[in-house]
Amino acid sequence: MEQNILSLVTAAQGDISAADNLVRKYLPFIKSETTKYIHRPPMEGQDDELSIAMFAFHEAIMRYSKEKGAFLSFASLQIKSRLIDYFRKEKRHGNVISLYQPAGNEEDGTTVLEKIDAGEDNISMQQIRRATKEEILEFSAQLQTFGLSLGDIAENCPKQERTLSACHSALQYAKEHPELLGIFLETKKLPLKQLTEGAKAERKTLERHRKYMMALLLAYTNGYEIIRGHLCQMGERRGKT
Amino acid sequence: MKYMVMECGLSYAVVLDEEGRFLKVPNMGYEVGQTVEHIIQFPDIEATKKKSFLQRHIHRLTAAAACFCLLVAGSQQFLFSTYGTVRMQINPDVLLSVNRLDYVTEIEGLNADGEDLIDAYRSFGKKVDVVSDELSVLAMEKGYLDENGQIRFTVESEHEDWKRATEEILITTISVHLPESINVQIAGTKTEISIPVYDETENRYDDDWENDDWDDDDWDDDEWDDDDRYDDDWDDDDRDDDDRDDDDWDDDDRDDDDWDDDDDD
């Protein structure tokens, strides 16, 4: 059985969808682990702890290697670690309630968010959300033509501020020179040489975060106004650096 | 900070924040296209583990290093700052810088002979009396100081107590160790010491006392019993005064027996 799990985990490590499928497969195990900490069976869609535990199992799949022992033992430790991190965070924000928790009368299933929104015009909000979703789906599809997925980009995103700033400087240079965006769309490759020379950025930095850079450049080609509009803080931060 | 939900899975979601970061976070019931203001974000476990000991404990190490630097700086101030100076003048002129614990921190030749005297001499870790003594002996060996020569010490310091104590130490030390008649002067005091001459050829000390024949090995052959310590023939002594009695007293002519024959007329 262990061998079977190992092969499944190994296969899922390069595929975010396969990893999610494995989470679904081992949901009873995840629920069982969560019960140890909340002392009752968790409810899907309601208990944040279950969402945390599922995410921890997902991380365990991505990080597992044979040296770490049996996979389920490793996953159990990951779940415990993340639940503790979550409880500590929630303790610091003890006065915060979830907008998605029941608003008092549990019979109609109304959440706090819905109760707050009652009386407001939800149509425009829903339209905006629908449009945003369509743009994002289009964006995601375009990324796939470049051999990229949003999960890959999240993994490749710079963690350090300094590195993030360097990448954004290169993006700014590309925005000021639209011909580079044209080259990028045409070749489906990052114009590293031009960006390195023009933005005075380290080639190694841009190479290391190639996938992230490509996603950013794609967002600044035509058709992604909502996403660009969301990135309103990027220009401000660059001003600070 | 607002986060645009870009992708949702069963266990995860990818969100884009306003500063251009793509983040993988737990899916807390999100939908693609939704904009949320609160996400659950965890520290990267693997990145933390990959950090070296130095990186993980950089803050503690920095604080410890800062404390250590302060300690070193403080002790440096204590140990290496000059508390006073001792100037030794023979013909070589040498200046010793001394810390408050009486250790010599620096020596300087104030003339050419002084520089020659201290050349290759190490004063590190030595107290002022030791250095003064050793330099005095060195001066003799190099011919700068001979019998009937003179050494003048000048102690300077803002701290009067230390100055007096150092002068006393020098007086005591130099007067004991110099083997010849050297005139030692402590400037600023009325002290002038002349060391008595010790002829090195004279066997001042019985260096080979261990070889001395201190044992009276033939003590039992001594003629002690023949000594006239005791009057052995005491019983033969003429202890009695035999003439004590006038034994012939009765023969003494005490009476004038022929008195009647005396010529009276």
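Residues numbered from 1 in each chain as written. Chains lettered and ligands numbered in written order. Predicted model: local features only at pLDDT ≥ 70, side-chain atom pairs only at ≥ 80, totals over all residues. Heavy atoms only, no water.

## Observations regarding the overall build of chain A
Here is the rule we go by: Runs of E in the DSSP output that reach at least two residues are strands. Runs of H or I that reach at least four are helices, and both are numbered from the N terminus. Only protein chains enter the calculation, and the probe is 1.4 Å; a residue is then buried if its accessible area is under 20% of its type maximum, exposed if over 50%, and partly exposed in between. Working rule for contacts: check all heavy atoms of both residues, and any pair within 4.5 Å makes them a contact. Surface accessibility follows the Shrake-Rupley procedure with a 1.4 Å probe radius. Residue values consider only the protein chains on display as shielding.
Of regular secondary structure, chain A possesses 15 helices and zero strands. In chain A, which comprises 241 residues, the proportion classed as buried is 41%. In chain A, 57% of the contacts between residues at least 6 apart in sequence involve partners at least 24 apart. A total accessible area of about 13,800 Å² is found for chain A, and carbon and sulfur atoms account for 50% of it.

## Concerning the nonpolar core
Put simply, the rule is: Here, nonpolar core means buried Ala, Val, Leu, Ile, Met, Phe, Trp, Tyr and Cys residues that are tied together by side-chain atoms lying within 4.5 Å of each other.
Residues Phe-57, Phe-139 and Ile-227 of chain A together with Met-6 and Phe-22 of chain B are the most contacted members of the largest nonpolar core, which totals 82 residues. Residues within four places of Phe-22 of chain B in sequence aside, it is in contact with Phe-139, Leu-150, Ile-153, Ala-154, Cys-157, Tyr-212 and Ala-215 of chain A together with Met-6, Val-14, Val-15 and Leu-16 of chain B. Grouped together as the second largest cluster of nonpolar side chains are 24 residues, Val-86, Met-88, Leu-96 and Val-131 of chain B included.

## Observations concerning the packing of helix H2 (residues 16-25) of chain A against helix H4 (residues 48-63) of chain A
Relative placement of two packed helices is described by the angle separating their axes and the distance separating the axes. Residue and element names in this part refer to chain A. Spelled out, the test is: Note on method: axes are straight lines fitted to C-alpha atoms, helices fitted across the in-contact stretch only, with angles between N-to-C directions ranging 0 to 180 degrees. Note on angle classes: values under 35 degrees are labelled roughly parallel, values over 145 roughly antiparallel, values of 65 to 115 roughly perpendicular, and the remainder oblique. Crossing chirality is assigned from the near helix's rotation relative to the far helix, an anticlockwise turn below a right angle marking it left-handed and a clockwise turn marking it right-handed. When residues are sorted by character, Ala, Val, Leu, Ile, Met, Phe, Trp, Tyr, Cys and Pro go into the nonpolar class, Asp, Glu, Lys and Arg into the charged class, and all the rest, Gly among them, into the polar class.
Between H2 and H4, the shortest axis-to-axis distance is 9 Å and the interhelical angle comes to 125 degrees. Overall, the two elements H2 and H4 adopt an arrangement that is oblique. Seen along the crossing, H2 lies across H4 with a hand that is right-handed. Each of Ile-16, Ala-19, Asp-20, Leu-22 and Val-23 in H2 lies in contact with H4, whose residues at this interface are Met-54, Phe-57, His-58, Ile-61 and Met-62. Looking at side-chain class alone, the contact of H2 with H4 contains eight nonpolar, one polar and one charged residues.

## Some details on the packing of aromatic side chains
The criterion, for reference: By convention, a stacked pair of Phe, Tyr or Trp rings (six-membered ring in the case of Trp) has centres within 6.5 Å and planes under 30 degrees apart, an edge-to-face pair has planes over 60 apart, and any other such pair is tilted. Two conditions define a charge located above a ring, namely a distance within 6 Å from the ring centre to NZ of Lys or CZ of Arg, and an angle within 35 degrees of the ring normal.
Enumeration according to the criterion identifies 11 aromatic pairs over all chains in this entry. Seen from their ring centres, Tyr-64 of chain A and Phe-74 of chain A are 5.9 Å apart, and the 50 degrees between their planes marks the pair as tilted. Residue Tyr-64 of chain A is found in the loop between H4 and helix H5 (71-92), and its partner Phe-74 of chain A is found in helix H5; the two are separated by 10 residues along the sequence. For the pair shown, Tyr-64 of chain A and Phe-74 of chain A are each scored as buried. Of the aromatic side chains, those joined through ring pairs into one cluster are Tyr-26, Phe-29, Phe-57, Tyr-64, Phe-71 and Phe-74 of chain A. Above the ring of Phe-146 of chain A, the side-chain terminus of Lys-188 of chain A is found at 4.7 Å from the ring centroid. In this structure, Lys-24 of chain B packs its charged tip against the face of Tyr-12 of chain B, placed 5.9 Å from the ring centre.

## A word on the interface of chain B and chain A
Applied cut-off: Joining two parts hides part of their accessible area as seen by a 1.4 Å probe, and the buried area is that hidden amount summed over both. Each reported salt bridge corresponds to a side-chain nitrogen of Lys or Arg within 4 Å of a carboxyl oxygen of Asp or Glu. Counting of polar contacts relies on pairs of N or O atoms within 3.5 Å, with two restrictions inside protein: one atom must be capable of donating a hydrogen and the other of accepting it, and residues adjacent in sequence are counted only when both atoms are side-chain atoms.
The interface is formed by 35 residues belonging to chain B together with 47 residues belonging to chain A. When chain B packs against chain A, the two sides together hide about 3,800 Å² of surface, and 64% of this comes from carbon and sulfur. The interface formed by chain B and chain A contains three salt bridges. Our count for the contact surface shared by chain B and chain A stands at nine residue pairs in polar contact (both at pLDDT 80 or more). Every element with two or more residues in the side of chain B that touches chain A is listed here: strand E1 (3-8), strand E2 (12-17), strand E3 (22-26) and helix H1 (45-50) of chain B. For the side of chain B that touches chain A, the class distribution of residues is 18 nonpolar, seven polar and 10 charged.

## Some details on the pairing of strand E6 (residues 93-98) of chain B
All names here are of chain B. Just so we agree on the cut-off: Any two strands with at least two DSSP-identified bridges between them are counted as paired.
A large share of E6 lies buried, amounting to six of its six residues. Of the two faces of E6, the one lined by Asp-93, Leu-95 and Ser-97 and the one lined by Val-94, Leu-96 and Val-98 are each fully buried. Pairing of strand E5 (residues 84-89) with E6, which is carried by six bridges, proceeds in the antiparallel orientation. Among the inter-strand pairings, Met-88 is bridged to a residue of E6, identified as Val-94. Two successive antiparallel strands, E5 and E6, enclose a turn made up of three residues. The pairing of E6 with strand E7 (residues 104-109) spans five bridges and is classified as antiparallel. Directly across from Leu-95, in E7, lies its bridge partner Glu-108. Hairpin geometry of E6 and E7 is characterised by an intervening segment of five residues between the two adjacent antiparallel strands and by a positive phi of about 75 degrees at Asp-102.

## Let's talk about the pairing of E1 of chain B
Regular strands have side chains that alternate between both faces of the sheet. Residues and elements named next belong to chain B. Counting buried positions along E1 gives five out of six residues, so the element sits mostly inside the fold. In sequence, E1 turns back onto E2 through a hairpin of three residues. As paired elements, E1 and strand E4 (residues 35-36) share two bridges and run antiparallel to each other. In the sheet register, Met-4 faces E4, and the bridge partner there is Thr-35.

## A closer look at the sheet that holds E4 of chain B
Overall, antiparallel pairing links the four strands, which are arranged E3-E2-E1-E4 (chain B) in an open sheet. Only two strands of the sheet have a single partner each, and these edge strands are E3 and E4 of chain B. In the sheet, E2 of chain B pairs with E3 of chain B via five bridges, with the strands oriented antiparallel. In the strand pairing of E3 of chain B, Leu-16 of chain B is matched with Phe-22 of chain B. Its contacts with the sheet place helix H7 (residues 122-145) of chain A against E1 and E3 of chain B, and it is angled at close to 55 degrees to E1 of chain B.

## Digging into the environment of Val-36 of chain B
Turning to its location among the elements, Val-36 of chain B is positioned in strand E4. With near-sequence residues (within four places) excluded, Val-36 of chain B lies in contact with Met-1, Lys-2, Tyr-3 and Tyr-30 of chain B.

## Digging into the confidence of the model for chain B
Residues and elements named next belong to chain B. Filter applied, for reference: Confidence per residue, as judged by the predictor, is encoded in pLDDT with a range of 0 to 100.
Looking at chain B as a whole, the pLDDT averages 74, with 61% of positions reaching at least 70. Contacts of residues 190-204 to residues separated by more than four positions or lying in other chains number 23 contacts, the stretch itself having pLDDT below 50. Note on residues 241-254: pLDDT is under 50 here. Beyond four places in sequence and across chains, it has three contacts. With a pTM of 0.54, the predicted complex shows an ipTM of 0.86.

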